[in-house]
2 protein chains.
Amino acid sequence: MSGTNSERELITGGPVVVLVEPQLGENIGMVARAMANFGLSELRLVAPRDGWPSDKARAAASKADHVIDGAVIYETLEAALADLNFVYATTARVRDGFKPVRSPIVAAETLRAKYDAGEKVGILFGREKSGLSNEDVALADEVVTFPVNPAFASLNIAQAVLLMSYEWMKTTMASKDETPFQAVDQTPATKDQLFGLFDHLEEALDARGFFRPAAKKPKMIDNLRAVLSRRAFTAPEIKVMRGIISSLDRFSRKHPRGTGNPDDFDD
Amino acid sequence: MSGTNSERELITGGPVVVLVEPQLGENIGMVARAMANFGLSELRLVAPRDGWPSDKARAAASKADHVIDGAVIYETLEAALADLNFVYATTARVRDGFKPVRSPIVAAETLRAKYDAGEKVGILFGREKSGLSNEDVALADEVVTFPVNPAFASLNIAQAVLLMSYEWMKTTMASKDETPFQAVDQTPATKDQLFGLFDHLEEALDARGFFRPAAKKPKMIDNLRAVLSRRAFTAPEIKVMRGIISSLDRFSRKHPRGTGNPDDFDD
């Protein structure tokens, strides 16, 4: 992973994020950062209390400048939604009314399907203190809510945006197991490689009289092999283990490697 | 949803959250809040830069006092992990080494299975500036990483804790569709209720000569019914619609309801 950020792919697009009457510039900045983290880029602000542009928002955005620079201000929520085909309202509270209530996963999948079909979609986030009003929610198509701790249900606006953006990004993943990178080698070694480790270790231990009394040797070897095979070692791991055994086997504390005096001449 | 927070269930427990050398008290507070939002409660701090307790942390925790009060300080990461059986390290970067790399969903499911089996489990989050060191990661069992925008991959520590806490909470959900509350009535109306709406509207329109020319009436009725049945109305929605039709049908702008002069006597 050498190289600067600018050499890596910048994902943009996705649902429009609409903030209704945001207050603190810091929160707007944190929203922009959360959006950028998960590939969203279109931010709309309805009547931000402290005006726009905002130095505090830019600072809190941690270089999500493409989101901050692209943010558009609207006087009313109606105007901010005018060109959208489908809109979710986020809320932590039960609402009277007939809007279907969706989980974040289902909402993200719904947004993805509509977006891929060419619809312009958006997600509506509420005021810092009070959340969205019933009038705001009435302008949306459906409601999305988060599975929160009942006694501690209030999410900050940037946290709510983060979760929805994250679920949006997850809709691009082929499976729930997919990760952006993988460890060096996740494939278990072949049995032949594992048996080579058994032989190597058992020979070195046998030479030291480890398997005593002789009658217990088969059981001891069974146990040893069980320990070594319980976790499926990868080929590189087996290489490391064999290096360890070789070192313990061939050198001593008194005559470490490089002293030209291997231990086996001492005994 | 009347009542105060204190009357609602406070979920606690879950994996231990371990912050390695956290710096800003605000960030520790945001972590505590994120944990509380999604039912985690055990916080451990390894060598917090600005000491502990922290007024800034408490303020930023937005009343997640049970997490702040329960936080325990350790001098070393080894000590903080000593009593745990299984630990994830969170990282945004590829690491050399043999740790399996998991998605947040798989990591949360793994933690849940081990937790339910009685293991003590934890999640390790890195320093604000640099993330976890390779030495930190080496003390964990597996690595978890988030599906982020490649050119904008850096998550703030509270955001990372939020996402893992959220995925943890989701493991308690019976299905991906589950939400903490539902709309008033999500069950589609019966066909009988829908046909009642058709009859009501068609009769009112027919009385006004809406279906003209007569030859086109069947096609017009088809279209009307298609519109009314495309989205599966619920029974309360049908009730609202029939109220609308009744009002339009029985009253006029000139003689609104309550004037004792229904429109049908005028015509």
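What counts and what doesn't
Residues numbered from 1 in each chain as written. Chains lettered and ligands numbered in written order. Predicted model: local features only at pLDDT ≥ 70, side-chain atom pairs only at ≥ 80, totals over all residues. Heavy atoms only, no water. Buried < 20%, exposed > 50% of the residue type's maximum accessible area, 1.4 Å probe, protein only. Helix = DSSP H or I, 4+ residues; strand = E, 2+ residues; numbered from the N terminus. Pairing = 2+ DSSP bridges. Right-handed = clockwise from strand over helix to strand, strands pointing away. Least-squares fit on C-alpha atoms with pLDDT ≥ 70 in both. Contact = heavy atoms within 4.5 Å. Expected span 1.5 Å × (residues − 1). 1 Å grid on protein atoms, 1.4 Å probe; cavity = no way out; pocket = protein on both sides within 12 Å on 5 of 7 lines; lining within 4 Å. Points joined across faces, edges and corners; volume = space filled by probe spheres on them. Nonpolar A, V, L, I, M, F, W, Y, C, P; charged D, E, K, R; others polar. Axes fitted to C-alpha atoms, helices over the stretch in contact; angles between N-to-C directions. Parallel < 35°, antiparallel > 145°, perpendicular 65-115°, else oblique. Left-handed = near helix turned anticlockwise from the far one by under 90°.

A. A look at the pairing of strand β1 (residues 16–20) of chain A. Residue and element names in this part refer to chain A. The element β1 is largely enclosed, with a buried count of five among its five residues. Burial along β1 is two-sided: Val-16, Val-18 and Val-20 facing one way and Val-17 and Leu-19 facing the other are all buried. When β1 meets strand β6 (residues 121–125), the two strands line up parallel, connected through four bridges. Note on β6: the bridge partner recorded for Val-16 is Gly-122. Viewed along the sheet, the connection from β1 through helix α1 (residues 25–37) into strand β2 (residues 43–46) turns out right-handed.

B. Focus on the relation of the copies chain A and chain B. In the superposition of chain A on chain B (RMSD 0.2 Å, axial shift 0.1 Å), the rotation amounts to 180°. Both copies of the chain, as the preceding transformation shows, are related through a two-fold rotation axis. Of all interface residues in chain A, 99% are interface residues in chain B too; the two copies therefore contact each other through one and the same surface.

C. Here's a closer look at helix α5 (residues 104–116) of chain A. In a regular helix each residue adds 1.5 Å, so 13 residues correspond to 18 Å; α5(A) covers 18 Å between its end C-alpha atoms and thus fits that length. Tucked inside the fold, the buried residues of α5(A) contact β4 (86–90), β5 (101–102), β6, β7 (142–144) and α7 (157–170) of chain A together with α7 (157–170) of chain B. A:Gly118 occupies a position one or two residues after α5(A) and carries a positive phi of about 95°.

D. Region of interest: the layout of surface pockets. Quantified by volume, the largest pocket comes out at close to 1500 Å³. Taken together, 50 residues form the lining of the largest pocket, with A:Ser154, A:Leu155, A:Asn156, A:Ile157 and B:Arg33 sitting closest to its centre. Elements with a minimum of two residues in the lining of the largest pocket: α1, α2 (55–60) and α7 of chain A together with α1 (25–37) of chain B. Each residue belonging to the lining of the largest pocket can be placed in one class, and the counts come to 20 nonpolar, 17 polar and 13 charged. For the second largest pocket, the calculated volume is near 1000 Å³.

E. How the structure looks around the packing of α1(A) against α7(A). Residue and element names in this part refer to chain A. Where α1 contacts α7, the two axes come as close as 8 Å, and the packing angle between them is 10°. On the basis of the axis angle, α1 is roughly parallel to α7. On α7, the residues that touch Asn-27, Met-30, Val-31, Ala-34, Met-35 and Asn-37 of α1 are Ile-157, Ala-158, Val-161, Leu-162, Ser-165 and Met-169. Looking at the contact of α1 with α7 residue by residue, the class counts come to nine nonpolar, three polar and no charged.

F. The packing of helix α8 (residues 191–206) of chain B against helix α9 (residues 217–230) of chain B, seen in detail. All names here are of chain B. Put simply, α8 and α9 touch, their axes get as near as 11 Å, and they point 135° apart. Here α8 lies oblique to α9, going by the angle between them. Helix-helix and strand crossings are classified by hand; for α8 and α9 the assignment is right-handed. Taking contact as the criterion, the partners of Leu-194, Leu-197, Phe-198, Asp-199, Leu-201, Glu-202, Leu-205 and Asp-206 in α8 are, on α9, Lys-217, Ile-221, Leu-224, Arg-225, Leu-228 and Ser-229.

It is worth stressing that arrangement in space is one thing and function is another; only the former is reported here.
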